[in-house]
Structure formats: structure tokens, C-alpha cells
Amino acid sequence: MKIELTDDFKYRMLDRYPQLKTAADAIFTIMGLTLEDIRSKKRYRDYVFARVIFAHLCEDVYPHYNLAAFMNHDHATVSYWIKVYKDMRGYDKSFDELYTTVEAEFNKNK
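Summary of the structure given here. In this text, all values refer to a predicted model and were calculated from it rather than measured experimentally.

Per the secondary structure count, the protein chain includes 7 helices and 0 strands. Helices (α) and strands (β) of the protein chain occur, in sequence order from the N terminus, as α-α-α-α-α-α-α. The C-alpha atoms of the protein chain give 13 Å as radius of gyration, which agrees with the globular expectation for 110 residues (13 Å, within 12%). If you line up the protein chain on its principal axes, its C-alpha atoms span 40 × 30 × 25 Å.

As C-alpha cells, then:
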């Protein structure tokens, strides 16, 4: 199920799930990547890390196809990011350190 990303949908999602803005702000503060960068199709390592972190921080946005539409990606991809988050935390030290920093910023602004 593909939901079109309209301004109305975007504002309704931000209103209903304030953690979307908090997570985007934390990622921007720590990584310098905007919400538009997260929504892009670019496959640079930092962009992928930002998407995985964003998906994990906003995991309680349910159903996941709403989160996927907000991120401008397929719901299966977002579900995959949520699933591999634990693997990346356990095996990639640079990701682990980055996530810890972003999470601290996220919790500070909650």
C-alpha cells in the first residue's frame, strides 16, 4: 500500500507523532542531515545510518506503512531497517557510537 506524500499527510503525521520531528531534529543536530536527506533515495553510508536510526526512534508509529510513506520509502524497507537495527548496533562500532549520540539528543528534546 503506497500512500502519496502530500503536505497535508506530512503535517497530519507531524501533529499525531511528535517524535518524528524530534528524531529529525536530533539527526540534523548530530549528523547534519535534513528530513529531505532521509527521504531521498541516496545510498551513502551516512544517509542509510540516518534512516535506520530514524526508523528505530520512530518505531512506535504504527502501522509502519505510515512511517514508510513519511520517509518516502517502501514499508518493507522500513520494516527491514527496524529489524537490522539490532544487528548494526551489535556489529558496527561507528553506528553504535552514532546511535548513542543521536539517541541522547533525541531524549534531551523529547
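Let us keep going from here.
Attention now moves to the packing of aromatic side chains. Summed over all chains, the structure comprises 6 aromatic pairs. Judged by centre distance (5.1 Å) and plane angle (70 degrees), the ring pair of Phe 49 and Phe 95 falls under edge-to-face. Placement of Phe 49 in helix 4 (residues 45–57) and of Phe 95 in helix 7 (residues 93–109) is noted, with a sequence separation of 46 residues between them. No difference in accessibility class separates Phe 49 from Phe 95, as the two residues are buried. Members of the aromatic cluster, connected to one another through ring pairs, are Phe 49, Tyr 85, Phe 95 and Tyr 99. Against the face of Phe 70 rests Arg 39, its NZ or CZ located 4.6 Å from the ring centre.

The biggest cluster of nonpolar side chains holds 39 residues, and the ones touching the most others in it are Leu 20, Ile 27 and Phe 54. When residues of this core are traced back to their parent elements, those giving at least two are helix 1 (7–16), helix 2 (19–31), helix 3 (35–39), helix 4, helix 5 (64–71), helix 6 (75–91) and helix 7. Excluding residues that lie within four positions of it along the chain, Phe 54 makes contacts with Leu 20, Ala 23, Ala 24, Ile 27, Leu 35, Ile 38, Leu 67, Phe 70 and Met 71.

Further remarks concern helix 4. With 13 residues, helix 4 should reach 18 Å at 1.5 Å per residue; the first-to-last C-alpha distance of 18 Å fits that figure. For helix 4, a buried count of 10 out of 13 residues is recorded, marking the element as mostly surrounded by other parts of the structure. All of the buried residues along helix 4 are Tyr 47, Phe 49, Ala 50, Arg 51, Val 52, Ile 53, Phe 54, Ala 55, His 56 and Leu 57. Looking at the packing, one finds that the buried side of helix 4 touches helix 2, helix 3, helix 5, helix 6 and helix 7.

In this structure, His 73 sits in the loop between helix 5 and helix 6. Beyond its immediate sequence surroundings of up to four residues, His 73 is in contact with Ile 38, Arg 39, Ser 40, Lys 41, Arg 51, Ala 68, Val 78 and Trp 81. At 3.1 Å, the side chain of His 73 forms a polar contact with the backbone oxygen of Ser 40.

This part covers the packing of helix 1 against helix 5. Packed helices, taken two at a time, are described by the angle their axes make and the gap between the axes. The interhelical angle for the contact between helix 1 and helix 5, taken along N-to-C directions, is 125 degrees, at an axis separation of 10 Å. Judged by the angle between their axes, helix 1 and helix 5 are oblique. Here helix 1 runs over helix 5; the crossing is left-handed. Note on element contacts: helix 5 touches helix 1 through Asn 66, Leu 67, Ala 69 and Phe 70, opposite Phe 9, Lys 10, Met 13 and Leu 14. Taken together, the residues of the contact of helix 1 with helix 5 break down into 6 nonpolar, 1 polar and 1 charged.

Each value, and the rule that gives it
- Residues numbered from 1 in each chain as written.
- Predicted model: local features only at pLDDT ≥ 70, side-chain atom pairs only at ≥ 80, totals over all residues.
- Heavy atoms only, no water.
- Helix = DSSP H or I, 4+ residues; strand = E, 2+ residues; numbered from the N terminus.
- Rg over C-alpha atoms; globule rule 2.2 N^0.38 Å.
- Phe/Tyr/Trp six-rings, centres within 6.5 Å; stacked < 30°, edge-to-face > 60°.
- Buried < 20%, exposed > 50% of the residue type's maximum accessible area, 1.4 Å probe, protein only.
- Lys NZ or Arg CZ within 6 Å of the ring centre and 35° of its normal.
- Core = buried A, V, L, I, M, F, W, Y, C linked by side-chain atoms within 4.5 Å.
- Contact = heavy atoms within 4.5 Å.
- Expected span 1.5 Å × (residues − 1).
- Polar contact = N/O pair within 3.5 Å; in protein donor to acceptor, adjacent residues only side chain to side chain.
- Axes fitted to C-alpha atoms, helices over the stretch in contact; angles between N-to-C directions.
- Parallel < 35°, antiparallel > 145°, perpendicular 65-115°, else oblique.
- Left-handed = near helix turned anticlockwise from the far one by under 90°.
- Nonpolar A, V, L, I, M, F, W, Y, C, P; charged D, E, K, R; others polar.

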